[in-house]
Amino acid sequence: MFAAIARRISLSFLILILVSLFVFLATEVLPGDALDVSLTDDDLAVLTPEQLAEMRAELGLDRPAAVRYLSWLSGALVGDFGNTIITRAPVADIIMGPLRNSILLALATTAVAIPVAHFIGILAAYWRDRAPDTIVSTSAIVGYSIPEFVSGNALILIFAIWLPIFPATIVLYTDGPILEMLAVSILPVATIVIGSIAYLSRLLRLGLVEALVSDYVERARLAGVSEWRVVFTHAVPASLVPTLNAAALYVAGLLSGIVVVEKVFAYPGLGLELINAVLKREVPVVQATVFLGAVGVLLMNLLADLSIIALDPRVRRSAGRG
Amino acid sequence: MLKKSGKRILRSPVTMIGIAVLTAHMAIAALAPWLTPYGSSELAGMPFEPPSREFWLGTDILGRDYLTRLLMGGRITISVALCGVFIAIVAGAFFGLAAAWHGGMIDEVIMRLVDTKVAIPSILLVGVLIPGFGQSVPVLILVIALVYVSGVIRTVRALALTIAPQGFVTAAVLRGESNLSIMCREFLPNVLDLLCVEFAIRMSSAILLVSSLSFLGLGISPPTPDWGLMVSEGVGYIHTDPWLVIYPSIALSTLVVALNLTTEGVANALGLDAARGMTKG
Amino acid sequence: MTTISRRAVLKASAWSAAAAYMARVGIIDSASAQPAPKPGGGLVYAVTSPNNRLGDATNGLHPHNWIDLANRTCYNALVWVDENLELQPELATSWEADDGQEVWEVDLREGVEFHDGSEMTSKDVVSSFEFHRTETSFARQIASVEAIGNHKVRFRLTEGNSEFPYILAEYHCMIMPAAEPDKIGLSGIGTGPFKPVGFDPRRSIKMVANERYWRTGHPYLETLEVVNRGGQMEGAVNGFLSGQFDAVTNIDPGFVRQFQGRDDTSIVYASGGDQALMILPKYDGSPFNDKRVRQAIAAAIDRDRIARIVYGSDGGWVGNDTPLASSDPNFLAYPYKYDTERARALLAEAGYPDGITLPTFYFAPYWPEIPRIFQVMSEMLREAGITMPIEERPNDGYRQWRVEDAEGTRKHRFAYGPVGIRNPGISLYRMRPDNNESGYWSGESAERYMELYAKALVTGDPSARREIYHEMQEIAFEDAPAILPVGRRNILIHKSNIAGLDNHPQAWSIRFDEVHRL
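Once a new chain begins, its residue numbering starts again from 1 and follows that chain's sequence as written. All chains are assigned letters beginning at A, and all ligands numbers beginning at 1, according to the order in which they are written. Per-residue local features are limited, in this predicted model, to residues with pLDDT of at least 70; the limit for side-chain atom pairs, both in listing and counting, is 80 or more; totals at the level of whole chains, interfaces and linings are taken over all residues. With hydrogens and water excluded, all non-hydrogen atoms of the structure serve as input to the side-chain values.

Under an unreviewed UniProt entry, chain C has the name Peptide/nickel transport system substrate-binding protein and belongs to Shinella granuli. UniProt positions are given in the numbering used here, feature names are shortened, and annotations may be inferred rather than shown by experiment. UniProt's Sequence similarities (unreviewed entry) comment on chain C is quoted here verbatim: "Belongs to the bacterial solute-binding protein 5 family." As its UniProt record puts it under Subcellular location (unreviewed entry), chain C is described as follows: "Periplasm".

You'll find chain A entered in an unreviewed UniProt entry as Peptide/nickel transport system permease protein, with Shinella granuli given as the organism. Its UniProt record, at the heading Subcellular location (unreviewed entry), says of chain A: "Cell membrane". Listed in UniProt under the heading Sequence similarities (unreviewed entry), the comment for chain A reads: "Belongs to the binding-protein-dependent transport system permease family."

Chemist: Any chance you could break down the sheet that holds strand β11 (residues 247-249) of chain C for me, citing the residues and the numbers?
Modeler: Think of a sheet as strands paired side by side through backbone hydrogen bonds, with each pair either parallel or antiparallel. Residue and element names in this part refer to chain C. In short, DSSP must find at least two bridges between two strands for them to pair. Where helices and strands are cited, they refer to DSSP runs of H or I of at least four residues and of E of at least two residues respectively, numbered from the N terminus. One open sheet holds the seven strands; their spatial order is β8-β9-β10-β1-β11-β22-β12, and the pairing between them is mixed. Lying at the two open borders of the sheet, with one neighbouring strand each, are β8 (194-200) and β12 (265-269). Between one strand axis and the next, the sheet turns through 20° on average, direction left out of account. Angular values range over 0 to 180 degrees, each being the angle between N-to-C directions of two axes fitted as lines to C-alpha atoms, with helices fitted over their stretch in contact.

Chemist: Before we move on, could you go through the interface of chain B and chain C and cite the residues and values that matter?
Modeler: Only heavy atoms enter the contact rule, under which two residues are in contact if any of them lie within 4.5 Å. On the side of chain C, 21 residues touch chain B, which itself brings 28 residues to the contact. Roughly 2,100 Å² is buried in total at the junction of chain B and chain C, and carbon and sulfur atoms are behind 57% of that figure. If you sort the residues of chain B by the area they bury against chain C, Leu43, Leu62 and Pro222 of chain B come out on top, with a joint share of 25%. For Arg257 of chain C, the salt bridge identified is with Asp241 of chain B, shortest N-O distance 2.8 Å. The definition of a polar contact used here is a pair of N or O atoms within 3.5 Å, where within protein one atom must be able to donate a hydrogen and the other to accept one, and adjacent residues in sequence count solely through side-chain atom pairs. Inspection of the chain B/chain C interface yields six residue pairs in polar contact (both at pLDDT 80 or more). Residue classes follow a fixed rule: Ala, Val, Leu, Ile, Met, Phe, Trp, Tyr, Cys and Pro count as nonpolar, while Asp, Glu, Lys and Arg count as charged, and any other residue, Gly among them, counts as polar. A breakdown of the residues in the side of chain B that touches chain C according to their chemical character gives 13 nonpolar, 11 polar and four charged. We define buried area as the total accessible area lost by two parts upon association, computed with a 1.4 Å probe and summed across both. In what follows, salt bridge is the name for a side-chain nitrogen of Lys or Arg lying within 4 Å of a carboxyl oxygen of Asp or Glu.

Chemist: Account for the sheet that holds strand β5 (residues 103-108) of chain C, with residues named and values stated.
Modeler: All names here are of chain C. Here we have four strands laid out as an open sheet, ordered β4-β5-β7-β6, and antiparallel in their pairing. With one partner strand each, in any of the chains shown, β4 (92-97) and β6 (142-147) form the two edges of the open sheet. Between one strand axis and the next, the sheet turns by 20° as a mean value, whatever way the strands run. Two elements, β5 and strand β7 (residues 152-157), share five bridges in a ladder whose sense is antiparallel. From the neighbouring strand, Trp104 faces β7, where its bridge partner is Phe155. The strands that helix α4 (residues 122-135) touches are β5, β6 and β7; relative to β6, the one it contacts most, it runs at about 165°.

Written as structure tokens, this is what we have:
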């Protein structure tokens, strides 16, 4: 089992390097480099090609792509994400605040989404194929079918402009106090929850439906355990295994959702930072941001696998053998 | 089996509604060029004309007939999503089966590439590839295929792994059939149900993705009529002319909801689960 | 619609403009021109234009990295270009050039203090320009700068430039306290009406009034906050509607419709703004090598109609196929009429009697109305037998993509380019033969055009220069090296309880000195 985990972790490193290589190649494909986009059309209208070449050399952008990538990678492997290209500021300083805010947003979303998903999932599974299931499942699908840019803007229109309860756009500084940040993130959290609840609750429903008809639960019923206790102490834990399996995919989806929502609400998170970094061709910032996202996904993957091993005796045995 | 599935579908009113709406959408998309009185980018009237006998839904911000644009607005999105997802399904089935059947190094390489793809947020993938290669239709199709292929590979591989140990596969191997023939003759028929459901799920997600991209200015290029673009063009007029946003939003949402309800109903009837694919990746 | 429509002029807050003008020319103190504005209160405004140069926590206060070029809140330049594109003294009081327009002597205002109380002298100006002339593209023409006493400096240019004072008004060319080139400007200390107190360059900058400001009695506001909503037009307007912002600069002209007739909102139009350039590439095999094709396109565009559809009755102006703006005093109205018959005749003459299909035209939504302009134009050209397929590209990397390989082959794209409002010399210089914006224009007309430009550069007398500029525009009308059909007038919205906030065709030149709450 430990061998399996060790293998997983070393593979994760390989994947991180592959991700960084992809990100680097992708940013190379983009027209223009950090220098080009830091200059305005006005600047470019008066600068000569020689002057541009000189400036490019000063920033180290004239080195071959492979050299630039390897020098970045050698730093990143020891935890040094380097400096931004134009302003020479440490990348770590730049992404620290946004990282904190995005984690905050993700935690707040999860804290809301999990109980809501359980509620809906249990409701739907218990009254399977009857009115509550149909209503809940259909509304979840409708929620899922609305793009974040529509639901986010609709929430702004209703709860910020017609009923001025929440801010329409977030003006807090990146290093704003955590509690204030949480207070202004109610609409963003609601937007992400609406979009992702369908997926989570459907997964839970599925697991629960299987669990509710299993021998294990049937035995508990025959033993005279009350129906609600059957659901909460027997069926729900058993349904978590298939749910965890999909958790990593869910995190990957959440990351993309957060990017859109951060843009709609101007939430000072990693997603907004990523968009800006791509626009400004600040490859080190793009790399660091994607790197952190990838680490998050891989960690969730690993955690999910470990929990499955811990929760499910069958997998535990086979993992022990393999 | 098929008959029983059919009955289950007919018994579910929600699924039937889904199928009806979906059929209507498909008919409109197919027939739109013959239904519309004006050219889709023709400046037929003045901007913001109210509904009239000439323009049943009025005109848009540039003076184009809104009904025409609305009827035409799903065609490109649906086609792009259709082509992109089709490529993703074919490629995903191929690589998923290959990984499951060969195992070993091939499985390892394919699955690690899939993991790599999953670890990169799709929004970055799209945000880099489209400025890099332009927002023409072929590029959009390839982007869609790339976004969805990894999920398909995972699903197909997982199912194929449960098929591999079964007797008919072993029998085929003993008969000395080639790998290709085993994949096509033994595996493919058994994953076909799943592929159909996968196709439908990814399709609804892809339609959302293409519309979101058009909304963000990374998708379909004007002057093509497109719902996502129409929403983004109309969003500044939501207080004065809300219909500019509401009509295309309704068109888009009914299509996606109908598609999802249909998929859900069909998948339930086939005994497959439709939830797994519902990530907004 | 040849110049600014009269209705729009009346709409601009007339009394504050008049008072500001009189104060500027020194007739009266603006405070006494009208019932004195109440000092106090604050203003929060959002900017929507993206800033390429945004800095970070360590250098974001430097005028090169200042949030959306809103430099004139914290800093001053030597010269200010006013709302009508006329030069006005700022930290300079007067300037003079030698006959070759190569050596410029500038007298500095006395008694100006920086935020920290130190006096601004020629030492600071020299130190600032030692930085600018290596770091600011427009200032690279400065060969040397030296102090003559405490309140006078002398600039030597690499070649004559009769419009050099405009360079001194550019958004980067702010005056900072003297320091080494690698340290200058980082403190955020300037001579401007406000001084920064809180700051996150990616989010917003909070400022308070500078009690030492050299324009006595100004500013009226106690606090000013600039919120960065670059590329987030909806977010900025939503913030305005929900009451978070008092003003938003450079809004989408399409958004105006929802604010018309609202009592709580004032819409302020600038006298001009960017215009849309259609680049006609003239490499071997391009259909635009034939002058008649270019003239046919120019004749087949109903400029008034584009402006009306895209900008409504107030928001746009009609261009004359040169990079000059209609609000420029040197601007000549476009002499030809919209005439599809003439366009068809020209095409037939050029060998396309049945119409012509142009290559795909590309554009990026630099401004939100750009896709609208070219959709309308493409439909219009169809009426004259010209088929022009169009395709949108993302803003991201657009310029680099558009000129890709242009240096080697000059085979750049048939595409849109943004043209901002600047002084006439710089604007007309954009049509130079070695710039892709002119489509690498060549031939006798282009040569004559550049001869005239060289002459204008060393012509000190403005009216003589205007004659030259007129001649250059006439050459462009005839040869049609590029098409510039319409331009925008920048739009600013603010709450009705704010006054004295004038809009400006150059967003970075908006001043907040006169702004006050009612």
